[in-house]
Amino acid sequence: MAARRHGVPRPDRDLAFLGLKWRQVDWWRRYQAPLGTTPQQFKDMSSSLYTALCGACERPQDYDVRLQGSWAFFFSGRHKNFPTEQEPAGQPVALERFREWMGSTPPAERPARRPFETLYKLGALDEKGKPVGPSDGDLHVSSDVMVTAARKKWDELKNDGKLTADELRTGFIHPKYSFVNRTAVREAFPDLAKWATGWKERLGRPVAPSLFPSSGPPDKSQEGTGVSTHYRASDWVVAYSPQS
């Protein structure tokens, strides 16, 4: 099975900086575990996710789960370019680590996109001056059954005045990213929220499920930056696997 990635890291040097071993890359390449997990962790995570989503899951075909982000693709989307010496300017720790990593490698021979955990390993700071944390474990869950339940919860929260002004302006479906309001999802599916919190603790990184209708995220490849997470044949689909 072909691996899904946007380029190949330079052997040894890049993997050492990113804190990855060839065994982990092989797991990823074979679809056995996304980066930052082991095959056993991924198996446990997948089966427990479906339990959180639908209990016994009498109709698993009503749920489509796909991995997104750099833990599934090794590289971030094309809107996240590889850093240059100018980007960590004013951040001496990040700049020093960047120079130690890249050395005299010409820009043309550096990755075009940002590999998994790059900013975290550099010790970079975000726009608020806080250290960038480990990469999120992004998952897209697409299910009309869940959207219907979330819509009911949204209406309840709205009628009870429990949604923020910003949420009311944004609406049930986010106008830019097309996922269902996270508060409605969290309230409608408390087991899913507990699942995400538990796996964040186990993996040491945020685990972020987003909900979409069964058709999946819309195709936005011809809009704006062209970044789109619509269904593709190359997607890493998380198959239903009952817990034993």
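One structure accompanies this document, and this report is about it. (Residues numbered from 1 in each chain as written. Predicted model: local features only at pLDDT ≥ 70, side-chain atom pairs only at ≥ 80, totals over all residues. Heavy atoms only, no water.)

1. Notes on helix 2 (residues 22-29)
What counts is decided by this rule: The buried label goes to any residue with under 20% of its type's maximum accessible area, the exposed label to any with over 50%, and the partly exposed label to all in between, with areas taken from a 1.4 Å probe on protein chains only. Only runs of H or I of at least four residues qualify as helices and only runs of E of at least two qualify as strands under DSSP, and these elements are numbered from the N terminus. Taken from the helix axis, the directions to the C-beta atoms give the arc we talk about. By the convention used here, residues are in contact when the closest approach between their heavy atoms is within 4.5 Å.
For helix 2, the full list of buried residues reads Gln-24, Val-25, Trp-27 and Trp-28. One side of helix 2 carries all its buried residues, which in axial view fall inside an arc of 155°. Summarising the contacts, the buried residues of helix 2 are in contact with helix 1 (13-18), helix 3 (39-54), helix 4 (70-73) and strand 4 (236-237). The first or second residue beyond helix 2 is Tyr-31, which carries a positive phi of 65°.

2. Here we look at the environment of Tyr-177
To keep things clear, this is the line we draw: Whenever two N or O atoms come within 3.5 Å, that pair is a polar contact, provided that in protein one can donate a hydrogen and the other can accept it, and provided that, for residues adjacent in sequence, both atoms are side-chain atoms.
Checked against the element boundaries, Tyr-177 lands in the loop between helix 8 (165-170) and helix 9 (182-188). The sequence separation of Tyr-177 and Ala-124 amounts to 53 residues, and the corresponding C-alpha distance is 26 Å. Not counting residues within four places of it along the chain, the set of residues in contact with Tyr-177 comprises Phe-212 and Lys-220. A distance of 3.4 Å separates the side chain of Tyr-177 from the side chain of Lys-176, its partner in a polar contact.

3. Description of the packing of aromatic side chains
Put simply, the test is: Pairing of aromatic rings covers Phe, Tyr and Trp, the last counted by its six-membered ring, and requires centre-to-centre distances within 6.5 Å; plane angles under 30 degrees mean stacked, over 60 mean edge-to-face, and any other angle means tilted. For a lysine, the NZ atom is tested; for an arginine, the CZ atom; a charge sits over a ring if that atom is within 6 Å of the ring centre and within 35 degrees of the ring normal.
With the rule as written, the count across this model stands at 10 aromatic pairs. Centroid distance Phe-42 to Trp-236: 5.6 Å. Interplanar angle 80°. Geometry classified as edge-to-face. Of this pair, Phe-42 sits in helix 3 while Trp-236 sits in strand 4, placing them 194 residues apart in sequence. By relative accessible area, which is 9% here, Phe-42 ends up buried. With centroids separated by 5.6 Å and ring planes inclined at 35°, the aromatic side chains of Phe-74 and Phe-75 adopt a geometry described as tilted. No difference in accessibility class separates Phe-74 from Phe-75, as the two residues are buried. One aromatic cluster is present, formed by Phe-17, Phe-82, Phe-98 and Trp-101 through successive ring pairs. Positioned over the ring face of Tyr-231 is Arg-66, at 3.7 Å from the centre of the ring. Across the ring face of Trp-199, the terminal group of Arg-202 is positioned such that the distance to the ring centre comes to 3.9 Å.

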